[in-house]
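# Remarks on the overall topology
As a plain string of letters, each chain reads:
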Amino acid sequence: MSKIVVIGSSNTDLIAKVQEFPKAGETIKGVSYLQAMGGKGANQALAAHRLGGDVKFITSLGKDSNGINSLEYFKKEGLDTSLSYIAEGIPSGVAMIWVDKKGENSIVIIPGANDELSSGYIHEIEKEILEADLIVLQMEIPYNTVKTVCNIAYENNKRVLLNVAPAKKLDTDIIQKIDILVVNETEAETISGEIIEHIGEDGVVDKLLALGVKTVVLTLGKRGCILKNDQIYLQIPAFMVDTVDTTGAGDTFCGALAAELSKGHGWNEALKFASAAAAICVTRMGAQPSIPTETEVRIFLKNITIAH
Ligand code: RIB
């Protein structure tokens, strides 16, 4: 099994389940409340770890109770965070999340310590990062840090999986250093500068490939996902489940994909596994509490096959 390093954010998620999102100036009564660990980086790292990957997670946390609780939680889970940065005098990241009755969410993040994960620190721990074969990144840490990691990985022939969430236009020279770009429709449109309604999903995927990415994975929510590179084109349907909360589903998908690829599985198998993991995730509340184990996903896939 090859090694994975995930570099990214950690947040404490404050989640309110509501019937409808509040309008500007409106006060509403929520249905329920949950505080849980989150952050796109942490969610992806924990997903890759729970789903059988050999994972190191590099993040930045404050010395406050949220930071201490996060580190304790990761330790209990068995996730290696020994290379993480502790930002003195800065609060750990938090996210305020509303989840409506359809399971859709609306998120505000206050990055705090996540913004302190600097290029300088990445250079300090460069040797340890390069022990990995696959480096997984998202966009909740400074963009300069993401660029530094992509450059280091490229110079040392390491594969990079970049999930461009939250959406951001990327520099062309960075796009060319990405092996696996995982994007949803909004993110794909932001990077390609094209509108899916105008040129279609395949058109946008082709545009991203033309920019120099090796493999594009376009996730389409309930409609599944598309993967394309110079050798393969795959369309994987989503598994039908009752959605409670979509928070963390994209992160679970990315972590699962990384874990399955690190075990040597091919694209088809890895995407089905990732879709199943994401499907289980949306049936429960919260990001990290909802990430399934590898056994759960294998059982889910077996039962689905039997049902067909
Ligand atoms: O992708 C879901 C995550 O986005 C949440 O856990 C929240 O912390 C934000 O980072």
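You'll find the structure just up there.
Residues numbered from 1 in each chain as written. Predicted model: local features only at pLDDT ≥ 70, side-chain atom pairs only at ≥ 80, totals over all residues. Heavy atoms only, no water.

## Topic: the site of the ligand
Here is the rule we go by: Throughout this document, a residue counts as near a molecule or strand when at least one of its heavy atoms sits within 4 Å of that molecule or strand. Polar contact criterion, stated in full: a pair of N or O atoms within 3.5 Å, where within protein one must be able to donate a hydrogen and the other to accept it, and residues adjacent in sequence count only if both atoms are side-chain atoms. Calculation of accessible area relied on Shrake-Rupley with a 1.4 Å probe; when residues are assessed, cover is drawn exclusively from the protein chains displayed. In this count, Pro and Cys sit with the nonpolar residues alongside Ala, Val, Leu, Ile, Met, Phe, Trp and Tyr, while Asp, Glu, Lys and Arg are called charged and the others, Gly among them, polar.
Taken together, 13 residues form the shell around the ligand, and within it Asp13, Gly39, Lys40, Glu140 and Asp251 come nearest. Between an oxygen atom of the ligand and a side-chain N or O atom of asparagine 11, the distance comes to 3.0 Å. Residue lysine 40 places a side-chain N or O atom 2.9 Å away from an oxygen atom belonging to the ligand. Protein burial of the ligand: of its 280 Å² of free accessible surface, 96% is covered by the chains. Within the shell around the ligand, the residues separate by chemical class into four nonpolar, five polar and four charged.

## A short note on the side chain of serine 119
For the record, the criterion: Secondary structure follows DSSP: runs of H or I at least 4 residues long count as helices, runs of E at least 2 residues long count as strands, and numbering of each begins at the N terminus. The contact criterion used is simple: two residues touch if any of their non-hydrogen atoms lie within 4.5 Å.
Checked against the element boundaries, serine 119 lands in helix α3 (residues 119-124). In terms of polar contacts, serine 119 uses its side chain to reach the backbone carbonyl oxygen of asparagine 144, at 3.3 Å. Discounting chain neighbours no more than four positions away, the residues touching serine 119 are Asn144, Thr145 and Thr148.

## A look at the packing of aromatic side chains
Quick note on the threshold: Stacked, tilted and edge-to-face are the three classes assigned to paired rings of Phe, Tyr and Trp, where Trp is represented by its six-membered ring and a pair needs centres within 6.5 Å; plane angles under 30 degrees give stacked, over 60 edge-to-face, the rest tilted. When a residue's accessible area, from a 1.4 Å probe over protein chains only, is under 20% of the maximum for its type it is buried; when over 50% it is exposed; and in between it is partly exposed. To sit over a ring, a charge needs its Lys NZ or Arg CZ within 6 Å of the ring centre and within 35 degrees of the ring normal.
In total, this model carries four aromatic pairs according to the counting rule given. Relative to phenylalanine 74, the ring of phenylalanine 57 has its centre 5.8 Å away and its plane inclined at 85°; by these criteria the two rings are edge-to-face. You can see phenylalanine 57 sitting in strand β4 (residues 54-58) and its partner phenylalanine 74 sitting in helix α2 (residues 65-77), a full 17 residues away along the chain. Judged on exposure class, the residue phenylalanine 57 and its partner phenylalanine 74 are both buried. The interplanar angle of 85° and the centroid separation of 5.3 Å between the aromatic rings of phenylalanine 239 and phenylalanine 300 together place this pair among those described as edge-to-face. Note that phenylalanine 239 is positioned in the loop between β14 (233-236) and α9 (249-262) and phenylalanine 300 in helix α11 (residues 294-307), a separation of 61 residues in sequence. For the pair formed by phenylalanine 239 and phenylalanine 300, the shared burial category is buried. Aromatic ring contacts, followed pair by pair, group Phe57, Tyr73 and Phe74 into a single cluster. The ring of tyrosine 143 carries the charged tip of lysine 168 above its face, separated from the ring centre by 4.6 Å.

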